[in-house]
Amino acid sequence: MSNFIVGLTGGIGSGKTAVSNRFAKLGVGIVDADVIAREVVEPGTDALAKIAAHFGQHLIQSDGQLDRAALRQTIFSDADAKQWLESLLHPLIANETARQLAAVQSSYAIYVSPLLVEGNQQGFCQRLVVVDVPESVQLERTMKRDSNEQAQVERIIASQASREARLAAASDVIDNNAGFAELDKQISQLHQQFLDLARNSKAP
Ligand code: ATP
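These numbers were taken from a predicted model, which means no experiment stands behind them.

**Student:** Now, about the packing of aromatic side chains: what can you tell me, with residues and values included?
**Tutor:** Taken as a whole and judged by the stated rule, the model has 3 aromatic pairs. Ring plane angle 55° and centroid distance 5.2 Å describe the contact between Tyr111 and Phe124, whose orientation is recorded as tilted. Highlighted residues: Tyr111 in strand β3 (residues 109-112) and Phe124 in the loop between β3 and β4 (127-132), separated in sequence by 13 residues. Owing to a relative accessible area of 33%, Phe124 belongs among the partly exposed residues under this scheme.

**Student:** Give me the lowdown on helix α3 (residues 46-55), citing residues and values where you can.
**Tutor:** Looking at α3, one finds that the buried residues are Ala47, Leu48, Ile51, Ala52 and Phe55. Viewed along the axis of α3, the buried residues span an arc of 135°, placing them on a single side of the element. In α3, the exposed positions angled more than 90 degrees off the buried face are occupied by Asp46 and Ala53. Where α3 ends, the next residue or the one after it, Gly56, has phi of about 120°, a positive value.

**Student:** Requested: an account of empty space enclosed by the protein, with residues and values cited.
**Tutor:** Under the definition given, this model contains 1 cavity of 30 Å³ or more. In this structure, the largest cavity encloses a volume near 50 Å³. Residue lining of the largest cavity: Gly11, Ser14, Val130, Val131, Asp132, Val133, Gln138, Arg163 and Arg166, and that is the complete set. Mapped by element, the contributors of at least two residues to the lining of the largest cavity are β4 and α8 (163-169). Residue composition of the lining of the largest cavity, grouped by class: 3 nonpolar, 3 polar and 3 charged.

Rules and cut-offs
- Here, residues in each chain are numbered from 1, in the same order as that chain's written sequence.
- Local features in this predicted model are restricted to residues of pLDDT 70 or higher, and side-chain atom pairs are both shown and tallied only at a pLDDT of 80 or more, whereas totals for entire chains, interfaces and linings draw on every residue.
- As a rule here, side-chain values come from all non-hydrogen atoms in the structure, and water together with hydrogens is ignored.
- Stacked, edge-to-face and tilted are the three classes for Phe, Tyr and Trp ring pairs, Trp counted by its six-membered ring, which pair at centre distances within 6.5 Å; planes under 30 degrees apart are stacked, over 60 edge-to-face, the rest tilted.
- For helices the rule is a DSSP run of H or I covering at least 4 residues; for strands it is a run of E covering at least 2, with both sets numbered from the N terminus onward.
- Residue burial is assigned from relative accessible area. The probe radius is 1.4 Å, only protein chains are included, and a residue is buried under 20% of its type maximum, exposed over 50%, and partly exposed in between.
- The reported arc concerns the directions from the helix axis to the C-beta atoms and nothing else.
- Only protein atoms enter the 1 Å grid, on which a cavity is a set of points fitting a 1.4 Å probe that cannot get out and a pocket is an open set with protein on both sides within 12 Å along at least 5 of 7 lines, lining residues being those with an atom within 4 Å of a point.
- Grid points are joined across faces, edges and corners, and a volume is the space filled by probe spheres set on the points.
- Each residue is assigned to one of three groups, with Ala, Val, Leu, Ile, Met, Phe, Trp, Tyr, Cys and Pro labelled nonpolar, Asp, Glu, Lys and Arg labelled charged, and all others, Gly among them, labelled polar.

Written out as structure tokens, the structure reads:
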């Protein structure tokens, strides 16, 4: 278990996954908020059974998985439904996050979440890394990756923290505006820095 936790965040399509995959290749344990949010409602979980009982079986797809888009639609304009869902899922997510962070074997752990700044969740992180690109690059890369319409991606960008708010909260910024070679360089520098900080944080 490591006590040194590096938060990693950034807007949609900024490159969080590209960055966390690279840290993982360097042997760093990664805990991903999006992965955990899916794990707690996997087929066979109590949470999924409760969601189906509360909102209806139509939210379960034929493969047994939660229809996340339909659930989002259900809670979109219903504050009570949203609150019910959050009070079910938040404690489960918090427990699972703590369990996975405690299981990390590397000198430091990376906690990836798109909502670290919005949710003001960075309190348990010793550093906060922001993956930064201009909005135009976020738009272009997300549309290319997901074949989404521009207006849809723009809505998501508008619903997230602003670039300025994220940069103001950052202890370290990864500029992901250039290519992957430039990204690798920044990541190996940060990795060295975090290894040193984690080592020093353990010193008496
Ligand atoms: P989301 O918030 O939607 O999960 P993300 O922040 O994890 O997104 P990625 O999926 O890592 O973002 O990156 C978005 C897209 O941009 C991907 O297709 C990825 O391959 C591409 N990409 C990331 N970094 C770069 C880069 N430096 N140069 C070119 N393409 C990149």
